[in-house]
Each structure stands twice: as C-alpha cells, then as structure tokens.
Amino acid sequence: LRVMRIINLSFFLLIITACSESDLLIHKQNGLMLEDLKEKKTVINFWADWCPPCIKEIPELNALYEEKKDELNVYLFHFDELTGAELDEQLVRFDARIPSLLTSPYEIFGIDIPETLPVTVIIDRDLNVKEVLRGPQTKESIIQRLELAN
C-alpha cells in the first residue's frame, strides 16, 4: 500500500511538472521558466530585418553565442515580433544561429520598447536589467560590458 502511494504521488508530481507552462517561449526549442535564466547572465538583442546595423551585428552575436553559450544566455528578439515561418525565413536569410525569443521581454524584464535599433540588453542572474546598449555591438564590446555588469 505504501509503495502504491509513493508511485501515485510520483506520477502526480510528474504530471504537474509536465503541465506547467513556460515563462519564455523560444523559436523551435523548448520553453524556459524564468528561474532557468538565473544560472547565467543573459543578453537579449533586439533586431529587425529592415535594420542594416542589426544585420551587420548578427555575425558578432553568433560568435558570442558560440563562444559563451555554456556561461551566458544569448537570445534574439525580433522587434516586429515575427513568429513561425516568417521568423524562420529571416533567421535563415541572415544566418542567425542564436535562439530567438517569441515571448516579449518588455514586460517580463521591465524593458522599454526601443526607439532605435539595434539594442542589446544585459540582464544579471537576479533577472535585473544591468545595462542597455544602444547601437551596433561587437562580441568584444558585449563581453567587456558583461564583465563590468557584476
């Protein structure tokens, strides 16, 4: 009888955990809970396909993601909030290999909608915005700002 209770409780907890909704939806990936972001600092880059400096920045962001993905969360967020096939087309067109947020970060992180692009936001492990970088960035400039944003 005790074993059956433990099995039933385990099954119940598994169902509850599996049914909890993600706080952040990510294009073509599993969603995340905000708590998952606390393991690393986070960089969110706001971009658009009609923004030449944004497009120029993508190889730098790809390099940052590839080099630092074990110690840093790096995400793109399309300013026009594209999803599905539209977003897929843009990511392929510009060879963006960084995970792309589908959930708007504006309310979640208290970020104002940028007036100009590109914008890169640095978020600490406590999910506080530490810095908003306006204009095009390089891998090195973002790494430098991350080091200062302790």
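Because the structure is predicted, anything quoted here is derived from the model rather than measured. (Residues numbered from 1 in each chain as written. Predicted model: local features only at pLDDT ≥ 70, side-chain atom pairs only at ≥ 80, totals over all residues. Heavy atoms only, no water.)

Caption draft 1: Local environment of the pattern of salt bridges. Under the defined criterion, the tally for this structure stands at eight salt bridges. The salt bridge involving Arg97 is made with Asp95; its shortest N-O contact spans 2.6 Å. Arg97 gets classed as partly exposed once you look at its relative accessible area, which sits at 44%. A salt bridge links Lys139 to Glu140; the shortest N-O distance between them is 3.9 Å. On the basis of relative accessible area, Lys139 is assigned to the buried category, the value being 16%. (Salt bridge = Lys/Arg side-chain N within 4 Å of Asp/Glu carboxyl O. Buried < 20%, exposed > 50% of the residue type's maximum accessible area, 1.4 Å probe, protein only.)

Caption draft 2: Structural context of the packing of helix H3 (residues 52–68) against helix H6 (residues 139–148). At their nearest, the axes of H3 and H6 sit 8 Å apart, and the two run at 55° to each other. One element, H3, and the other, H6, form an angle in the oblique class. Counting all contacts with H3, which are made through Glu60, Leu61, Ala63, Leu64, Glu67 and Lys68, the residues of H6 involved are Lys139, Glu140, Ile142 and Ile143. Residue composition of the contact of H3 with H6, grouped by class: five nonpolar, no polar and five charged. (Axes fitted to C-alpha atoms, helices over the stretch in contact; angles between N-to-C directions. Helix = DSSP H or I, 4+ residues; strand = E, 2+ residues; numbered from the N terminus. Parallel < 35°, antiparallel > 145°, perpendicular 65-115°, else oblique. Contact = heavy atoms within 4.5 Å. Nonpolar A, V, L, I, M, F, W, Y, C, P; charged D, E, K, R; others polar.)

Caption draft 3: Seen up close, unusual backbone geometry. Of note, the amide linkage connecting Leu117 to Pro118 takes the cis form, showing an omega dihedral of -5°. The residue Pro118 is located in the loop between helix H5 (105–109) and strand E3 (119–123) in this model. One non-glycine residue, Lys28, lies in positive phi territory at about 60°. Looking at the secondary structure, you find Lys28 in the loop between helix H1 (2–19) and helix H2 (34–37). Under the relative-accessibility criterion, Lys28 is labelled exposed at 65%. One non-glycine residue, Leu127, adopts positive backbone phi at about 70°. Tracing the chain through its elements places Leu127 in the loop between E3 and strand E4 (129–134). According to the relative accessible area criterion, Leu127 is buried, its value standing at 17%.

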